[in-house]
Amino acid sequence: MMYQIIVKPIPIDAVYPISHAVLRKGKPFESCKFNNDLNDTTTHYGVFKDNKLAGVASILKNDHPQIHVASQFQLRGMAVLDSFQLKGLGSYLIKHIIKTYYPSIIWCNAREKAVPFYSKNQFSIIGSAFHIPKIGLHYVMHT
């Protein structure tokens, strides 16, 4: 059976429900919102399977002090709904973003359990693990 996968920019209001369901379960809805969400240099993407929004990610112009290149962007809030996980949609989304922003470096704060996913998708760890309160252990990873 063939199905269609599309990645396209989406409004921030479409990001929050998926981000809350996947990354902030049990936390206040407001915990999904970040200061840079509405910046001109921030773009929110959705991955759609058969016209259903399955996952989201935001990318913003933000430099990391351990990465010494002029053009870099932060990937934030990457989330795929549970019912769509393990179907390649997250990889499809991240590959679209890497291609769109090439040759810029893309970096993120990856949850410990997401490290294998990012490693499989061309990201490498930089520096040591760190703890984000109420969220857990993270690693900075970059393309």
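Everything in this summary refers to the structure shown in the same document. Remember, it's a predicted structure, so these values are computed and weren't measured experimentally.

### Brief notes about unusual backbone geometry
Okay, step 1: Omega for the peptide link from Tyr102 to Pro103 comes to 10°, which places this bond in the cis form.
Okay, step 2: Note that Pro103 resides in the loop between helix H2 (89-101) and strand E5 (105-111).
Okay, step 3: A positive phi angle, near 65°, is found at Leu86, a position not held by glycine.
Okay, step 4: Structurally, Leu86 is set in the loop between strand E4 (72-80) and H2.
Okay, step 5: Phi is positive for Gln122, close to 75°, though the residue is something other than glycine.
Okay, step 6: Along the polypeptide, Gln122 turns up in the loop between helix H3 (115-120) and strand E6 (124-132).
Okay, step 7: With relative accessibility at 57%, the residue Gln122 sits in the exposed group.

### Observations concerning the environment of Ala79
Okay, step 1: Inspection of the secondary structure assignment puts Ala79 in strand E4.
Okay, step 2: Among the residues examined, Ala79 registers a relative accessible area of 2% and is labelled buried.
Okay, step 3: For Ala79 and Ile126, which are 47 residues apart along the polypeptide, the C-alpha to C-alpha distance reads 22 Å.
Okay, step 4: The contacts of Ala79, once residues within four sequence positions are left out, are Ile18, Ser19, Val22, Leu23, Ala54, Gly55 and Val56.

### Brief notes about the pattern of salt bridges
Okay, step 1: Counted by the stated rule, this structure contains 3 salt bridges.
Okay, step 2: Between Lys25 and Asp82 there is a salt bridge whose closest N-O contact spans 3.2 Å. Here Asp82 lies in the loop between E4 and H2 and Lys25 lies in the loop between helix H1 (12-23) and strand E2 (42-49), a separation of 57 residues in the sequence.
Okay, step 3: The class of Lys25 is exposed, set by a relative accessible area of 51%.
Okay, step 4: On the basis of relative accessible area, Asp82 is assigned to the partly exposed category, the value being 46%.
Okay, step 5: The partner of Asp63 in a salt bridge is Lys61, with the nearest N and O atoms 3.6 Å apart.
Okay, step 6: Given a relative accessible area of 45%, Asp63 falls into the partly exposed group.
Okay, step 7: Judged by relative accessible area, Lys61 falls into the partly exposed class, the value being 34%.

What counts, and where the lines are drawn
Residues numbered from 1 in each chain as written. Predicted model: local features only at pLDDT ≥ 70, side-chain atom pairs only at ≥ 80, totals over all residues. Heavy atoms only, no water. Helix = DSSP H or I, 4+ residues; strand = E, 2+ residues; numbered from the N terminus. Buried < 20%, exposed > 50% of the residue type's maximum accessible area, 1.4 Å probe, protein only. Contact = heavy atoms within 4.5 Å. Salt bridge = Lys/Arg side-chain N within 4 Å of Asp/Glu carboxyl O.

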